[in-house]
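Observations on the model geometry
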Amino acid sequence: MTSLCVENNTVKYIAILGFQGAQGRNIFLSIVFILLYLLIIFGNGLIITTVSLKSNLQKPMYYLLATFSGLEICYTSVFMPWIITSLSTGLQKISLLQCEIQLYFYVSFGVSELFLLAVMAFDRYQAICNPFHYMEVMSPHVCAYLALTCWVGGFVFNLPLSLMLQKLDFRGNSVINHFMCDGPAVLQLSCSDTTHMNLISFILALVTMLTSLILTMLSYIWVIHTILKLPTHTVKSKTFSTCSSHLTAAGMYYGTLIFIYARPQFNNSYDMNKVVSVFYTIIVPLLNPLIYSLRNKEFKKAVRKLTI
């Protein structure tokens, strides 16, 4: 699907509709989003600070968790300031260049998180299924290399699509029915033929998510298989608790992403997409610190010592 071209009407600014029907409650919503954003920064920042300061948390699992929290802060910081500014001032326009930059960083950080979720699952596999060689395989040097690869990989992976987007013609429609510059919504604005780019985006999204998901599932299949062979229920429960938080967070993240991006765009409902997007872009980063802290006794103990 493409937008109709209008001669001498090159799009320089894009209007983002945001949360339609919320007019009159913008100040209230802006306060809500400010609080949510601060909670996301505080929760994930607390994880980073605790892991950095507590020597008993200087382990691969917590190092990767702190890296993931850093990604969550960067991920939400791409669009949350824009949402808050838009609700506070009523400003709905954003330049096409700013929109493309926002989209590039938003997708890049998202892909980096997918890569890191697979690495975190591999870490749990090594810790539980290969404990005698765990520190050798997941050495600090290897952890740092894997974390850096995830960060850089997301930006490199997203670069071709970003370059393809630069070549599209935007002359005509300039209204996005979303609360941020989301990929499918931006492509709808182009009067160029986006059939191939939609197909490429769909295939890349599907391959990326499924590859990360399959690697995560395979890791946990072996983890669960190993746990079931442990001698007592207490040992099984204690061992599984070390990976249950990651499994919960990964399930929420993969589920919502696959719902939105890994399906043909002509079946998309933008109103439904906005609702689900709020869940995985805001609610999931907000819940992740709670999931990891409440389900991990060692981390809870470290936080208590840090705050006392």
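Residues numbered from 1 in each chain as written. Predicted model: local features only at pLDDT ≥ 70, side-chain atom pairs only at ≥ 80, totals over all residues. Heavy atoms only, no water.

In the nomenclature of an unreviewed UniProt entry, the chain is known as Olfactory receptor of Engystomops pustulosus. Database annotation for the chain, UniProt heading Sequence similarities (unreviewed entry): "Belongs to the G-protein coupled receptor 1 family." The UniProt entry for the chain carries this comment under Subcellular location (unreviewed entry): "Cell membrane". (UniProt positions renumbered as here; feature names shortened; annotations may be inferred.)

What follows concerns the overall build of the chain. Helix and strand counts for the chain come out as 11 helices and 5 strands. Taken across its 308 residues, the chain has 50% of its residues classed as buried. A fraction of 81% describes how many contacts in the chain between residues 6 or more apart in sequence connect residues 24 or more apart. Taken as a whole, the chain presents about 15,300 Å² of accessible surface, with 70% of it coming from carbon and sulfur. (Helix = DSSP H or I, 4+ residues; strand = E, 2+ residues; numbered from the N terminus. Buried < 20%, exposed > 50% of the residue type's maximum accessible area, 1.4 Å probe, protein only. Contact = heavy atoms within 4.5 Å. Areas by Shrake-Rupley, 256 points an atom, 1.4 Å probe, with all protein chains shown as cover.)

Along the chain, the position of Glu113 falls in helix α4 (residues 96–129). Owing to a relative accessible area of 0%, Glu113 belongs among the buried residues under this scheme. Residue contacts for Glu113: discarding those within four places in its chain leaves Phe68, Leu71, Glu72, Tyr75 and Tyr253.

Quick look at the side chain of Thr67 now. Here Thr67 lies in helix α2 (residues 60–77). The contacts of Thr67, once residues within four sequence positions are left out, are Leu116, Ala147 and Trp151.

Time to look at the sheet that holds strand β2 (residues 13–16). Strand order in the open sheet formed by 3 strands is β3-β2-β5, with mixed pairing between adjacent strands. Sheet topology places β3 (93–95) and β5 (175–176) at the edges, where each strand pairs with a single neighbour. Judged from the 2 bridges that link them, β2 and β5 form a sheet pairing that is parallel. By the bridge assignment, Ile16 is partnered in β5 with Ile176. Strands β2, β3 and β5 of the sheet are contacted by α4, whose axis makes an angle of about 80° with β3. (Pairing = 2+ DSSP bridges. Axes fitted to C-alpha atoms, helices over the stretch in contact; angles between N-to-C directions.)

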